[in-house]
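An overview of the molecular structure
Each chain, written out:
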Amino acid sequence: MVWEQLQSVPSPNFSTSFANRIFSDVAGDITIVVDGESFLLHKFPLVARNGKIRKLVADAKNASLSKLELPNFPGGPEAFELAAKFCYGFNFEITTTNVAPLRCAADYLEMTEDYREENLVQRTETYLTQVVCQSLDKSVEVLSACESLLPLADEIGIPDTCISAIARNACREQLASGLSRLDCDSGSLELKDRCLEWWVEDLSVLGINFYHRVISAMGQSGVRTDSIVASLMHYAQTSLKGIGKPQIWNPARANPSIGENGQKAIVESLVTLLPTEKSSSIPLNFLFGMTRVGIMVDATLACRLELERRIAYRLEMALLDDLLIPSLQTGDSLFDVDTIHRILVHFLQRIEEEEEEENEECGYESEGMGSPSHGCLLKVGRLVDAYLAEIAPDPYLSLPKFIALIEVLPDYGRVIDDGLYRAIDIYLKAHPMLSEQECKKLCKYIDCQKLSQEACNHAAQNDRLPVHLVVRVLYFEQLRLKNALSGSCGDGLLSQKMSSGVASAAMSPRDTYACLRRENRELKLEISRMRVRLSDLEKEQVVMKQGMMDKSSGGKTLITSISRGFGRMGIFKGQEGGKGKQHKKLQAKEGKSGRSKRDSVS
């Protein structure tokens, strides 16, 4: 038979010439053109297994059809070459590299069971089911190969098959690694890193569309949240590496390129994949990093707001460096203070919700200094003050934006105003062109009763402050010293607060309750201030005893000893480390030179 004779012919000799001849000894009768490359073949073996070629030959007006062109052939000439080999009965190996193009080529050529048993469609499907779907890494490799075969691969269902296999095998790996994780818990950090799911790195080769579908399927299949978060972080670090480096401090950049548009889609897609659980262990530095990248690629507002809400949920755990987000707006400040302001608004909304829940459970007495929500607020208050001091030297930072960041925190969010005073002083020094009215508007946020002894000493000699503020500082400093000497420890202020808390009989019950809550908060805040002052007095007592025992200092007065004792309290060094040391050196120089004025604590 002719077909048996064709099968006995030696293997084809493929060349890079224009016409690839399957048989070098038998003349071909049809030329197939695929993406500009020609293959000189024979009609009979082709039409025996190819439904598409059979129809084209049968429908041709010219009975002696000698040339066919197959446009948009999936997999290109390489896939067609393997399909042609299969038609001629040559043996070749189906692998994870070629199974997806072969399956699409078989569908394109209609190589189904209707034309021949165990045709190419059936052979490739068998390989996908019995080999590819049994292995997670092979499923990932085949899925990655489908990127260039869309939309035909999706119509056939290859990606869905691979995605289901990946999710299923990931769950299987999760169960199998249970004992390994128990061993890792008692091992070294390096061993723990090796025990993390190995597929986290493998998924990074996928495009964002397939990756999104894989992670969604894993979440529905029950894969651990921490494993999904680890995969998201690795994918972001791999696909967004080096983004925006030439443009971070160059706001006048051109329109986003095609690459940036692709990275924008990656950022937005990754944000939608973040676990919805509030208790999820997503590192804050990762959320801040995604926020920075989202700003650089101009992600949608919904995407950025979602990141900001997640940050606000655990803002008390953030570091100062996390908040320093560069601004990309032309003519704006160096740092993106608008984003930080929105994060603080979200944070305060969360605190308000938590306080309402605490009130429902325990009543209004649960509110105030002892509540967990207020502890978080105080931590964020210290963080905001440090942030204000960091951005204050920016000459492009407008006064309204700086004030907006100060106002966003309520009064009870700060027990001590030293950090706020320091930030305002730095801003005044960096912006000497402010008018007197603007200085007064800014300095009204400093509560003189909340300043420590060292801050009061500095403010009393600060010529950048308005005169009325310096007078108030001196008045409260004198009152504090008087109370310290008399031992009253601020009883007058406390009694004043208590007397002002008497509710009027004309108030409605709702107003009375709100007034009691407010007075309760103020009283507890005052108690916290008194504790701080009591700590100051205890330290001062030690200084006074040392002064009395020192014979050489007999000529010094009691007031001098008190001033020296308070002056040794390093308030600022605890907040800004190195900058506090600079302030100490500055004070030492001033003491030697005898100058009456002091520079900024910056």
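Not measured: the values here are computed from a predicted model.

All right, on to the packing of aromatic side chains then. Applying the stated criterion to the full structure yields seven aromatic pairs. Seen from their ring centres, Phe73 and Tyr108 are 5.0 Å apart, and the 70° between their planes marks the pair as edge-to-face. Of this pair, Phe73 sits in the loop between β4 (67-69) and α4 (76-88) while Tyr108 sits in helix α5 (residues 99-108), placing them 35 residues apart in sequence. Residue Tyr108 is classed as buried on the basis of its relative accessible area of 18%. Residues Phe402 and Tyr427 carry aromatic rings whose centres are separated by 4.4 Å and whose planes lie at 15° to one another, so their mutual orientation is stacked. Here Phe402 is found in helix α21 (residues 399-407), whereas its partner Tyr427 is found in helix α22 (residues 418-430), with 25 residues between them in sequence. With respect to class, Phe402 is no different from Tyr427; both count as buried. Joined through ring pairs, the aromatic side chains of Phe39, Phe73, Phe80 and Tyr108 make up one cluster. The ring of Tyr108 carries Lys52 above its face, with NZ or CZ at 4.9 Å from the centroid. In this arrangement the basic side chain of Arg350 is found over the ring face of Tyr313, its NZ or CZ atom lying 5.5 Å from the centre.

Overall, the predicted model of the protein reaches an average pLDDT of 76, with 68% of residues at or above 70. Across residues 185-195, where pLDDT falls below 50, the model places seven contacts with residues more than four positions away in sequence or in other chains. This model gives residues 246-256 a pLDDT under 50, and the stretch forms 16 contacts once residues within four places in sequence are excluded.

Turning to the side chain of Ser139, a few remarks are in order. Here Ser139 is to be found in helix α7 (residues 136-145). Take Ser139: its relative accessible area is 0%, and that puts it in the buried class. Of note is the side chain of Ser139, whose polar atom sits 2.9 Å from the backbone oxygen of Val132. Here the side chain of Ser139 touches Ser135 through a polar contact of 2.7 Å, landing on its backbone oxygen. Other than its neighbours up to four places away in sequence, Ser139 contacts Val132, Cys133, Cys162, Ala165 and Ile166.

Of all hydrophobic cores here, the largest spans 150 residues; its most connected members are Phe80, Leu203, Tyr211, Met218, Leu270, Tyr387 and Phe402. Per-element tally for this core: the top contributor is helix α20 (residues 372-391), with ten residues.

Remark: helix α24 (residues 453-460) packs on helix α25 (residues 467-486), axes separated minimally by 9 Å, with the N-to-C direction vectors making an angle of 140°. If you check the angle between α24 and α25, you find them oblique. Two packed elements cross with a definite hand, and for α24 against α25 that hand is left-handed. For the pair α24 and α25, contact is made by Gln453, Cys456, Asn457, Ala459 and Ala460 and by Val470, Val473, Leu474, Glu477 and Arg480, respectively. Tallied by class, the residues present in the contact of α24 with α25 amount to six nonpolar, two polar and two charged.

About the cut-offs
- Residues numbered from 1 in each chain as written.
- Predicted model: local features only at pLDDT ≥ 70, side-chain atom pairs only at ≥ 80, totals over all residues.
- Heavy atoms only, no water.
- Phe/Tyr/Trp six-rings, centres within 6.5 Å; stacked < 30°, edge-to-face > 60°.
- Helix = DSSP H or I, 4+ residues; strand = E, 2+ residues; numbered from the N terminus.
- Buried < 20%, exposed > 50% of the residue type's maximum accessible area, 1.4 Å probe, protein only.
- Lys NZ or Arg CZ within 6 Å of the ring centre and 35° of its normal.
- pLDDT = per-residue confidence, 0-100.
- Contact = heavy atoms within 4.5 Å.
- Polar contact = N/O pair within 3.5 Å; in protein donor to acceptor, adjacent residues only side chain to side chain.
- Core = buried A, V, L, I, M, F, W, Y, C linked by side-chain atoms within 4.5 Å.
- Axes fitted to C-alpha atoms, helices over the stretch in contact; angles between N-to-C directions.
- Parallel < 35°, antiparallel > 145°, perpendicular 65-115°, else oblique.
- Left-handed = near helix turned anticlockwise from the far one by under 90°.
- Nonpolar A, V, L, I, M, F, W, Y, C, P; charged D, E, K, R; others polar.

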